[in-house]
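The primary structure of each chain is shown beneath.
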Amino acid sequence: MILDPAQVAPAARTWQELTGLVRGCTACPELVASRTTVVAGALPDGVPAADVLLIGEAPGAQEDEAGVPFVGRSGQLLDSLLHEIGLPRQRVAVTNVLKCRPPGNRKPRRVEVGRCRPWLARQIELADPRVLVALGGTATEWFFGAGARIAALRVTVHHWQGRSLVVTYHPSAAIRFGPRGAPVAALREDLRTVARLVPPAAGGPAGDE
Ligand code: URA
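To start, this report covers the structure provided alongside it. It should be emphasised that the depicted structure is a prediction, and the values quoted were computed from it without experimental measurement.

**Things to note about the sheet that holds strand 2 (residues 92-96)**
Here's step 1: Read across the sheet, 5 strands follow the order 2-1-3-5-4 without closing on themselves; strand pairing throughout is mixed. Single-partner strands in this sheet number two, and they are strand 2 and strand 4 (158-160). Looking at each pair of strands side by side, their axes are set apart by 30 degrees on average, direction ignored.
Here's step 2: Judged from the 5 bridges that link them, strand 1 (residues 52-56) and strand 2 form a sheet pairing that is parallel. Bridged to Leu53 within strand 2 is Ala93.

Set out below in structure tokens:
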């Protein structure tokens, strides 16, 4: 039987409950057939909510193996930038627009993004972040619609359903253009903006600058 996220996701009462439900999702037959795991997303241990929710595109090969978002090369770059700005992973929640890896890392199809949408919509409510961060074009289009352009939307802090929303490049673009490329500089600058929008951690620098 095909599970309909639009019916099931809104009823999840906690992030953990949603994680259990999304792991049983069968909405996209091609992705169900090719995935190893469903990568639901990660909320820091022991907290009901997060200051920041980072949203990527879809799991890659390593995430599909591990069942955890952003553990491959993109994740390593993200971790080092988050560390630089004083917002380590323990303070942020991380998820993706699609919870299953598209075969061969192809771009998510519009129909898949539509089917998966209720999971992310409910994750946003449950993680209850002050700041949402759209990493890359797929996440940017999730918020702004087809054709939304990162270059035109970054730098401004947007507001989305009562939360701040920062748009920036995907770490994979930063890797593609190299350490001296414009995307990594922009990503670093935009994550600094994110840090300024969250309250400082006890003893930590985020929000202090
Ligand atoms: N790229 C993404 O968009 N998400 C991941 O989890 C890993 C790589």
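**A short note on the pairing of strand 1**
Here's step 1: Along strand 1, 5 of the 5 residues are buried, which leaves the element largely enclosed by surrounding structure.
Here's step 2: With burial as the criterion, each face of strand 1 is covered, one bearing Val52, Leu54 and Gly56 and the other bearing Leu53 and Ile55.
Here's step 3: In terms of strand pairing, strand 1 meets strand 3 (residues 131-135) through 4 bridges, oriented parallel. Its bridge partner lying in strand 3, Leu53 is registered against Leu132.

**What about the packing of aromatic side chains?**
By convention here, two paired aromatic rings are described through the distance between centres and the angle between planes.
Here's step 1: Throughout the structure, instances matching the rule amount to 3 aromatic pairs.
Here's step 2: On the basis of an interplanar angle of 75 degrees and a centroid distance of 5.0 Å, the ring pair of Trp142 and Phe143 is categorised as edge-to-face.
Here's step 3: Look at Trp142 and you get buried, because its relative accessible area is 4%.
Here's step 4: The class for Phe143 is buried, based on a relative accessible area of 10%.
Here's step 5: Ring pairing ties together the aromatic residues Trp142, Phe143 and Trp160, which thus form one cluster.
Here's step 6: Taking the ring centre of Trp142 as reference, the NZ or CZ of Arg117 above it sits at 3.8 Å.

**Structural notes on helix 5 (residues 73-84)**
Here's step 1: Compared with an ideal rise of 1.5 Å per residue, which puts 12 residues at 16 Å, helix 5 spans 17 Å between its outermost C-alpha atoms and is within 8% of the ideal.
Here's step 2: Tucked inside the fold, the buried residues of helix 5 contact strand 1, strand 2, strand 3, helix 9 (171-177) and helix 10 (182-197).
Here's step 3: Phi turns positive, to about 80 degrees, at Gly86, one or two residues after helix 5.

The rules we used
Residues numbered from 1 in each chain as written. Predicted model: local features only at pLDDT ≥ 70, side-chain atom pairs only at ≥ 80, totals over all residues. Heavy atoms only, no water. Pairing = 2+ DSSP bridges. Helix = DSSP H or I, 4+ residues; strand = E, 2+ residues; numbered from the N terminus. Axes fitted to C-alpha atoms, helices over the stretch in contact; angles between N-to-C directions. Buried < 20%, exposed > 50% of the residue type's maximum accessible area, 1.4 Å probe, protein only. Phe/Tyr/Trp six-rings, centres within 6.5 Å; stacked < 30°, edge-to-face > 60°. Lys NZ or Arg CZ within 6 Å of the ring centre and 35° of its normal. Expected span 1.5 Å × (residues − 1). Contact = heavy atoms within 4.5 Å.

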